[in-house]
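# Observations on the three-dimensional arrangement
For reference, the chains in residue letters:
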Amino acid sequence: MDLKELYRDVILDHNRHPRNFGRIEPADGRAEGHNPLCGDRLSVFVVLDGERVADIRFEGRGCAISTASASLMTEAVKGKDRTAIRALFDKVHALLTHPDAAPDGALGKLAALAGVREFPVRVKCASLCWHTLNAALEHGAATISTE
Ligand code: FES
């Protein structure tokens, strides 16, 4: 199996079986993200322990990329503090937008998003959950649009 197939399988698996899917009530932070290109929305809920994300869930309906990206994100950020999450987001963003960015070892399964950059219109699908998480961490409760 080559890397492209492996990445595709990770995306398919996380779309079919999203991890950490659902709501958290009450949550310390929650935000709803909206992709104006397609109308899809997703919500992110976080429970904080100081600076650390102790628990995270998401819900919403979106395309395979947005669902898989949110699922991968929740696995990757659970247990991390805000600084580490920001650093991870910077790596994901570079992976999605820089044509030559090589997947960094710190990305783990998030490296599966590398194929998305071949489809620029889908970059918003993959980054929607991250912008929504940032809003939940910064504002406590927010609705954002990725315009
Ligand atoms: Fe709507 Fe991907 S098509 S989030």
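The rules we used
Residues numbered from 1 in each chain as written. Predicted model: local features only at pLDDT ≥ 70, side-chain atom pairs only at ≥ 80, totals over all residues. Heavy atoms only, no water. Pairing = 2+ DSSP bridges. Helix = DSSP H or I, 4+ residues; strand = E, 2+ residues; numbered from the N terminus. Axes fitted to C-alpha atoms, helices over the stretch in contact; angles between N-to-C directions. Contact = heavy atoms within 4.5 Å. Polar contact = N/O pair within 3.5 Å; in protein donor to acceptor, adjacent residues only side chain to side chain. Parallel < 35°, antiparallel > 145°, perpendicular 65-115°, else oblique. Left-handed = near helix turned anticlockwise from the far one by under 90°. Nonpolar A, V, L, I, M, F, W, Y, C, P; charged D, E, K, R; others polar. 1 Å grid on protein atoms, 1.4 Å probe; cavity = no way out; pocket = protein on both sides within 12 Å on 5 of 7 lines; lining within 4 Å. Points joined across faces, edges and corners; volume = space filled by probe spheres on them.

## Let's talk about the sheet that holds strand β2 (residues 41–49)
Taking strand neighbours across the sheet as the criterion, the 4 strands line up as β3-β2-β1-β4 in an open arrangement whose pairing is mixed. For this open sheet the edge positions go to β3 (52–61) and β4 (141–145), each flanked by a neighbour on one side alone. Adjacent strand axes in the sheet meet at a mean angle of 15° when their direction is disregarded. On the sheet, helix α4 (residues 123–139) packs against β1 (29–34), β2, β3 and β4 and is oriented at approximately 45° with respect to β2.

## Some thoughts on the side chain of T74
The residue T74 is located in helix α2 (residues 64–77) in this model. A polar atom in the side chain of T74 sits 3.5 Å from the backbone oxygen of R19. In contact with T74, other than residues within four places in its own chain, are R19, N20, I56 and F58.

## Focus: the pairing of β2
By the bridge criterion, 6 bridges tie β1 to β2 in an arrangement that is antiparallel. Along β2, the bridge assignment pairs G33 with L42. Connecting β1 to the antiparallel partner β2 that follows it, the hairpin turn spans 6 residues, and G39 within it adopts a positive phi of roughly 90°. Inspection of the sheet shows β2 paired to β3 by 9 bridges, in the antiparallel sense. Note that in β3 the partner of R41 across the bridge is R61.

## Points about the packing of helix α3 (residues 82–97) against α4
Where α3 contacts α4, the axes come no closer than 11 Å and their chain directions differ by 160°. Considered as vectors, α3 and α4 are oriented roughly antiparallel to each other. When the axes of α3 and α4 are compared, the crossing they make is left-handed. Residue-level inspection shows R82, I85, L88, F89, V92, L96 and T97 of α3 in contact with α4, the latter providing V123, A126, S127, W130, H131, L133, N134, L137 and E138. Residues that form the contact of α3 with α4 fall into these classes: 10 nonpolar, 4 polar and 2 charged.

## Some details on empty space enclosed by the protein
Per the stated rule, a full pass over the model turns up 1 cavity of 30 Å³ or more. Roughly 30 Å³ of volume is contained in the largest cavity. Lining the largest cavity, in full, are L42, F58, G60, R61, G62, S66 and T67. Those elements that place two or more of their residues in the lining of the largest cavity are β3 and α2. If one sorts the elements of the lining of the largest cavity by residue count, β3 sits on top with 3 residues. Taken together, the residues of the lining of the largest cavity sort by class into 2 nonpolar, 4 polar and 1 charged.

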